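Chains, contacts and geometry: an overview
Here is what each chain is made of, one letter per residue.
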Amino acid sequence: MSTQSPSAIDDILAEHAGLERQLSDPSLHDDPGAARRVGKRFAELAPVMATHAKLQAARDDLDAARELAADDPAFAEEIPALEATVAELDATLTDLLAPRDPHDADDVVLEIKSGAGGEESALFAADLARMYLKYCERNGWKAQVLGVTESDLGGYKEATLSIKSKEAVRDGVWSRLKFEGGVHRVQRVPVTESQGRIHTSAAGVLIYPEPEEVEDVVIDETELRIDVYRSSGKGGQGVNTTDSAVRITHLPTGIVVTCQNERSQLQNKARALQVLAARLQSAAEEQAQAAAAQDRAAQIRTVDRSERIRTYNFPENRITDHRIGYKANNLDAVLGGDMDALLDALVAADRQARLEAQ
């Protein structure tokens, strides 16, 4: 017996057919933005459509086997395997139709900031940046370092990354990395420690979906202070040595965004405005969610950015995610970009919470 609502899959089938018609209309491609949005949604529905088609075929096979078994008992041997296949595909489709984060297919902007701990915190922030960059490489994502402010020992006081998937997918960068926002704590012997004592320091991670176009968020340029300066440090390698780096301050909120990796001041300004738009959109959504407390059950926020979410214990090679009680003694592998087991556990916990909130 199907466990999903017939109306839910019917709505998806109708939407998919409508998107297919739009994509076949040449006039759609006169508007690149609209074509991107339609193509993105079409790609998001692809796994649902594929699973639905497999389920329908499996049900047809099961019905045929039952009919044949009525005349020839030999065909009854096929029925248990077909029933298991139908049950498995039905469960998969139910999961695909479960409530989703509307941003799961989105690309992201990720910021890392050193916190308590001085130089050691900055070195740890750089470790986190490398971890995310290596994870992006494993997944075939395009990661760009938009800006870096280095510490005296080569750590990162702050770093901003743009991370994009190479094609439209249902489960994009946000679906995997949205759990990273919060305070990350490290326990280890700092390189600056002469007595071999273990210190605890922390770095903060901010992550938010990146809107496809700056126009998605209205920004009043009279509320901006724009400063230009010379690119420097690792974030400035390969760019012009003129005053091409851009720092934008959004005066009403105090949000500061920098970009120094593009080839010109105009390109850096445009990129910084995109990052600012992502920050403002994320802040607006959080305010809306806080104001609409009655809707929170349907709009679960896994990340509380004010809390310590994870501890990286170097002496014991252990990583602990405090939100779900996850522990593993493979810290070296995780820092090398092998984050899938950790992120799979977070995704599973989030999916369970969404199912329970229905």
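Here the structure is shown first, and the text comes after it.
From a predicted model like this one, the values you see are computed outputs, not experimental measurements.

**Brief notes about the sheet that holds strand 4 (residues 182-188)**
By definition, the strands of a sheet pair up through backbone hydrogen bonds, in either a parallel or an antiparallel sense. What the eight strands build is an open sheet, ordered 2-3-1-5-4-9-10-11; its pairing is mixed. Taken across any chain shown, the strands that pair with only one partner, and hence form the sheet edges, are strand 2 (142-150) and strand 11 (326-328). Looking at each pair of strands side by side, their axes are set apart by 15 degrees on average, direction ignored.

**A word on the pattern of salt bridges**
Under the criterion given, the structure shown has 25 salt bridges. Its salt-bridge partner being Asp227, residue Arg225 comes within 3.6 Å of it at the nearest N-O pair. Given a relative accessible area of 43%, Arg225 falls into the partly exposed group. Within this structure, Asp101, Asp104, Lys178 and Asp350 form a network of salt bridges that share partners.

**Examining the pairing of strand 10 (residues 318-321)**
Pairing analysis gives four bridges linking strand 9 (residues 308-313) to strand 10, with the strands arranged antiparallel. Bridge pairing in strand 10 links Arg310 to Asp321. Where strand 9 folds back onto strand 10 in an antiparallel hairpin, the turn is made up of four residues, including Asn317, whose phi is positive at roughly 50 degrees. Two elements, strand 10 and strand 11, share three bridges in a ladder whose sense is antiparallel. Bridging from a neighbouring strand, Asp321 pairs with Tyr326 of strand 11. Here strand 10 folds back onto strand 11 in antiparallel fashion, the turn holding four residues, of which Gly325 has a positive phi close to 70 degrees.

**Description of the packing of aromatic side chains**
Under the definition given, this model contains two aromatic pairs. Judged by centre distance (5.2 Å) and plane angle (70 degrees), the ring pair of Phe124 and Tyr312 falls under edge-to-face. Placement of Phe124 in helix 4 (residues 119-139) and of Tyr312 in strand 9 is noted, with a sequence separation of 188 residues between them. Just as Phe124 is buried, Tyr312 falls in that class too. We note Arg188 situated over the ring of Phe314; from NZ or CZ to the ring centre the distance is 4.7 Å. Here the guanidinium or amino end of Arg247 rests over the ring plane of Tyr229, the centre of that ring lying 4.5 Å away.

Conventions used here
- Residues numbered from 1 in each chain as written.
- Predicted model: local features only at pLDDT ≥ 70, side-chain atom pairs only at ≥ 80, totals over all residues.
- Heavy atoms only, no water.
- Pairing = 2+ DSSP bridges.
- Helix = DSSP H or I, 4+ residues; strand = E, 2+ residues; numbered from the N terminus.
- Axes fitted to C-alpha atoms, helices over the stretch in contact; angles between N-to-C directions.
- Salt bridge = Lys/Arg side-chain N within 4 Å of Asp/Glu carboxyl O.
- Buried < 20%, exposed > 50% of the residue type's maximum accessible area, 1.4 Å probe, protein only.
- Phe/Tyr/Trp six-rings, centres within 6.5 Å; stacked < 30°, edge-to-face > 60°.
- Lys NZ or Arg CZ within 6 Å of the ring centre and 35° of its normal.

The quantities given are spatial measurements derived from coordinates; they are silent on function.
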